[in-house]
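Chain by chain, the residues:
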Amino acid sequence: MYRLLPLAALVLATPAAAKDAPDPARLKATVEKLVSFGTRHTLSSPDDPKRGIGAARAWAAGELTRISDGCGGCITSANIARTFTGTRAPNGVEIVDVLGFQQGDEPRRVIIVGAHIDSRVSDVMNVTGDAPGANDDGSGVALVLEAARILSKEKFRATIVYALFSGEEQGLYGGTLLAETAKQKNWTVTAMLNNDIVGNTIGQNGVRVTDRVRVFSEGIGAAEDLPALQARRQNGGEDDGPSRALAKTVDGIAKAIPGGLDVFVDRRPDRFGRGGDHAPFLALGYPAVRFTVAAENWKGQHQDVRIENGIAYGDTVDKMDFGYLAKVTAINVATIRRLAAAPAAPLGVTISGALGYDATVKWQPVEGATGYRIHWRRNDAQDWQKALDVAAPALTTMLKDVPVDDNFIGVSALGPDGAESLVTFAGP
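Residues numbered from 1 in each chain as written. Predicted model: local features only at pLDDT ≥ 70, side-chain atom pairs only at ≥ 80, totals over all residues. Heavy atoms only, no water.

Trainee: Got a minute to help me understand the overall build of the protein in this structure?
Mentor: Regarding its fold elements, the protein presents ten helices and 18 strands. For 428 residues, the compact-globule estimate of 2.2 N^0.38 gives 22 Å, and the C-alpha radius of gyration of the protein, at 22 Å, lies within 12% of that figure. Along the first, second and third principal axes, the C-alpha set of the protein runs to 70 × 50 × 40 Å. Taking the contacts inside the protein whose residues are at least 6 apart along the sequence as the reference set, 75% of them involve residues at least 24 apart. Carbon and sulfur atoms make up 53% of the accessible area of the protein, which amounts to about 17,600 Å² in all. The averaged location of the 50 negative side-chain charges in the protein is 2 Å from the averaged location of its 46 positive side-chain charges. (Helix = DSSP H or I, 4+ residues; strand = E, 2+ residues; numbered from the N terminus. Rg over C-alpha atoms; globule rule 2.2 N^0.38 Å. Contact = heavy atoms within 4.5 Å. Areas by Shrake-Rupley, 256 points an atom, 1.4 Å probe, with all protein chains shown as cover. Lys, Arg positive; Asp, Glu negative; His and termini not counted. Charge placed at Lys NZ, Arg CZ, Asp CG, Glu CD.)

Pasting the structure below:
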């Protein structure tokens, strides 16, 4: 069975969203609670019940447990921990990641949505001063907990991991810990969504941007060895690695959310010269992206709270826009919903057809797939333009009059409800 899809169907081909929407008031209450711990510096007290990183982590774990109680125990909370030592932790520090596992039918295939719970001020080694960390990254933590609240009411094929990292400001320690744990546990990471600074619309010098969110993604993979890099160059797949495919998928999903945000697919791994907790996942070859606001306010990041020359410095709640944060949350929820409902992305996608005008596409079978979607576009376009659906168990098809010299081709897997995986780029 074959079905040629118009372009509009590609944007809308995702399961219907649940009625429950992210709540700006609840997001604000979460951020205010996080700020109330005074500081969440990674080197602050792990044991004080009211102030510091330990109190914040305990509260967040309690929130995941509370959400789980509301869905009959569908989320299992767990901490993972390891000691890290570095220039910003010279005496060593135990890094603890607070995790919630919403197990799906495929327990070892995971979708990770994460944010860092730690905060800092101007001096990265100041562990006692107030470091509210409202936007950086209370906004991301609030998003993760709100996503858990909404998605806990549904069941999925893949397992969802709600991750709250420690140690981001000291050296991406929490992201490293979970990425290496995923590798050790042999998880299949379908996607890692890092949300870091996702809650303001007024940026530096008063610029206001309310209509879009940036999604950063690598094109050439940090984990690719020289032969893989040479193959990607030869195939022309610089804009179609797994993380870029994830960013493009996020963009397409966002387009279908009424009154939502435009996704600015920022074609670099992170902001210029900077990094986040998705970087350790990229280093291990996992698809990962970073969500960040369109207009950053650097006077509200990594700053002591103060008034200087009439300018308010510090990462405080009043600088945030919770309606905007709710819209970023909605994009995350819709992305997780689709990818967790879909089968895994196909492996071994190949094309042939040199010296001809027809392309033959082949792929390996995907467990649970009821069909496959072959995408293609002209080589001078960035986004997929046409698609053809093929019912399982077919593992090959021919695209008539689609010469491989002039077209890029990829294949995704489809679930019984139409949920679509990421697209795997085709090579020889």
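Let's pick the thread back up.
Trainee: Looking at this structure, how should I read the nonpolar core?
Mentor: Where a protein is soluble and globular, its nonpolar side chains tend to be buried together. Counting residues in each nonpolar core, the largest one holds 65 residues, and the members touching the most others are Y162, V213, L246, V263, F291, V328 and I331. No other element matches the eleven residues that helix α10 (residues 322–341) contributes to this core. Among the nonpolar cores identified, the runner-up in size contains 23 residues, and L178, A182, V189 and M192 belong to it. (Core = buried A, V, L, I, M, F, W, Y, C linked by side-chain atoms within 4.5 Å. Buried < 20%, exposed > 50% of the residue type's maximum accessible area, 1.4 Å probe, protein only.)

Trainee: Just checking my understanding: could you explain the pattern of salt bridges for this structure?
Mentor: Close approach of charged atoms allows side chains of opposite charge to pair. Within this structure, the stated rule accounts for 32 salt bridges. For the salt bridge of R214 with E296, the shortest nitrogen-to-oxygen distance reads 3.0 Å. Placement of the pair is R214 in strand β7 (residues 212–216) and E296 in the loop between β9 (288–293) and β10 (306–308), with a sequence separation of 82 residues. Assigned by exposure class, R214 and E296 land together as buried. The network of salt bridges with shared partners includes D196, R214, D270, R271, R274, R290 and E296. (Salt bridge = Lys/Arg side-chain N within 4 Å of Asp/Glu carboxyl O.)

Trainee: Looking at this model, I keep getting lost on the state of the cysteines. Mind explaining?
Mentor: Covalent bonding between the sulfur atoms of two cysteines is what defines a disulfide. Throughout the structure, instances matching the rule amount to one disulfide. One disulfide in the model links C71 with C74; its S-S distance is 1.9 Å. Handedness here is read from the sign of the S-S torsion; for C71 and C74, about -90°, the answer is left-handed. For C71, a relative accessible area of 21% corresponds to the partly exposed category. (Disulfide = S-S within 2.5 Å.)

Trainee: Hey, could you run me through the sheet that holds strand β12 (residues 350–352) in this one?
Mentor: Pairing between the strands of a sheet comes from backbone hydrogen bonds, and it takes one of two forms, parallel or antiparallel. Pairing in this open sheet of three strands is antiparallel, and the strands run β12-β13-β16 from one edge to the other. At either end of the open sheet lies a strand with only one pairing partner, and these are β12 and β16 (396–399). Between one strand axis and the next, the sheet turns by 20° as a mean value, whatever way the strands run. Note: strand β13 (residues 359–362) against β16, four bridges, orientation antiparallel. Considered in β16, the bridge of A359 is made with L399. (Pairing = 2+ DSSP bridges. Axes fitted to C-alpha atoms, helices over the stretch in contact; angles between N-to-C directions.)

Trainee: When you look at the layout of surface pockets in this model, what are you seeing that I'm missing?
Mentor: Counted as a void, the largest pocket has a volume near 1,000 Å³. Looking at the largest pocket, it is lined by 43 residues, and the ones nearest its centre are P242, A345, P346, L347 and T424. For the lining of the largest pocket, the secondary structure elements donating two or more residues are β6 (188–195), α7 (226–235), α8 (242–255) and β18 (424–425). Among the elements that line the lining of the largest pocket, the one with the most residues is α7, at four residues. Residues belonging to the lining of the largest pocket are distributed by class as follows: 23 nonpolar, 14 polar and six charged. (1 Å grid on protein atoms, 1.4 Å probe; cavity = no way out; pocket = protein on both sides within 12 Å on 5 of 7 lines; lining within 4 Å. Points joined across faces, edges and corners; volume = space filled by probe spheres on them. Nonpolar A, V, L, I, M, F, W, Y, C, P; charged D, E, K, R; others polar.)

Trainee: Would you explain empty space enclosed by the protein in this entry?
Mentor: Taking a probe equal in size to a water molecule and rolling it over the atoms shows the remaining empty space. Applying the stated criterion across every chain, the model contains two cavities of 30 Å³ or more. In this structure, the largest cavity occupies an estimated 80 Å³ of space. What lines the largest cavity is N135, D136, I197, N200, I202, N297, G300, Q301, G314, D315, T316 and K319. For the lining of the largest cavity, a count of residues per class yields two nonpolar, seven polar and three charged.

Trainee: Any chance you could explain helix α3 (residues 53–69) here in plain terms?
Mentor: Residues lying three or four places apart along an α-helix face the same way, a consequence of the helix completing one turn every 3.6 residues. With 17 residues, α3 should reach 24 Å at 1.5 Å per residue; the first-to-last C-alpha distance of 24 Å fits that figure. Across the 17 residues of α3, twelve count as buried, placing the element largely inside the fold. Buried within α3 are the following residues: I53, G54, A55, A56, R57, W59, A60, A61, E63, L64, I67 and S68. Residues of α3 that are buried in the fold lie against α2 (24–35), β2 (75–86), β3 (89–102), α4 (134–151) and β5 (158–165). (Expected span 1.5 Å × (residues − 1).)

Trainee: Got a minute to help me understand the side chain of N332 in this structure?
Mentor: Position of N332 relative to the elements: it lies in helix α10. Here V328 takes part through its backbone oxygen, which lies 3.0 Å from a polar atom of the side chain of N332. (Polar contact = N/O pair within 3.5 Å; in protein donor to acceptor, adjacent residues only side chain to side chain.)

Trainee: Can you help me understand a nonpolar patch on the surface in this one?
Mentor: There is a patch of nonpolar side chains on the surface, built from I220, L226 and L229 and spanning about 250 Å² of accessible area. For L229, the position within the fold is in helix α7. (Patch = residues over 30% accessible without salt bridge, like charges linked within 9 Å, V, L, I, M, F, W, Y side chains within 5 Å.)

Trainee: In this structure, what is going on with the environment of A381? I would like to understand it.
Mentor: Within the fold, A381 resides in the loop between β14 (371–378) and β15 (386–391). The class for A381 is buried, based on a relative accessible area of 16%. Between the C-alpha atom of A381 and that of V289, which follows or precedes it by 92 residues, the distance is 22 Å.

Trainee: Please explain the pairing of β3 as it appears in this structure.
Mentor: Along any regular strand, the residues point their side chains to alternate faces of the sheet. One ladder, built from eleven bridges, connects β2 with β3; its direction is antiparallel. By the bridge assignment, A78 is partnered in β3 with L99. A loop of two residues connects β2 with β3, the two strands running antiparallel in sequence. One ladder, built from five bridges, connects β3 with β5; its direction is antiparallel. Bridged to G100 within β5 is Y162.

Trainee: Looking at this structure, how should I read the packing of aromatic side chains?
Mentor: Counted according to the given criterion, the structure contains six aromatic pairs. Between F84 and Y173, the aromatic rings sit 4.8 Å apart at their centres with planes inclined by 25°, giving stacked as the arrangement. Here Y173 lies in helix α6 (residues 173–184) and F84 lies in strand β2, a separation of 89 residues in the sequence. A ring pair is formed by F101 and W187, whose centres lie 6.0 Å apart and whose planes are at 75°; its orientation type is edge-to-face. Residue F101 is found in strand β3, and its partner W187 is found in the loop between α6 and β6; the two are separated by 86 residues along the sequence. Lying over the aromatic face of Y313, R306 brings its terminal NZ or CZ to 4.1 Å of the ring centre. Here the guanidinium or amino end of R377 rests over the ring plane of W384, the centre of that ring lying 4.6 Å away. (Phe/Tyr/Trp six-rings, centres within 6.5 Å; stacked < 30°, edge-to-face > 60°. Lys NZ or Arg CZ within 6 Å of the ring centre and 35° of its normal.)

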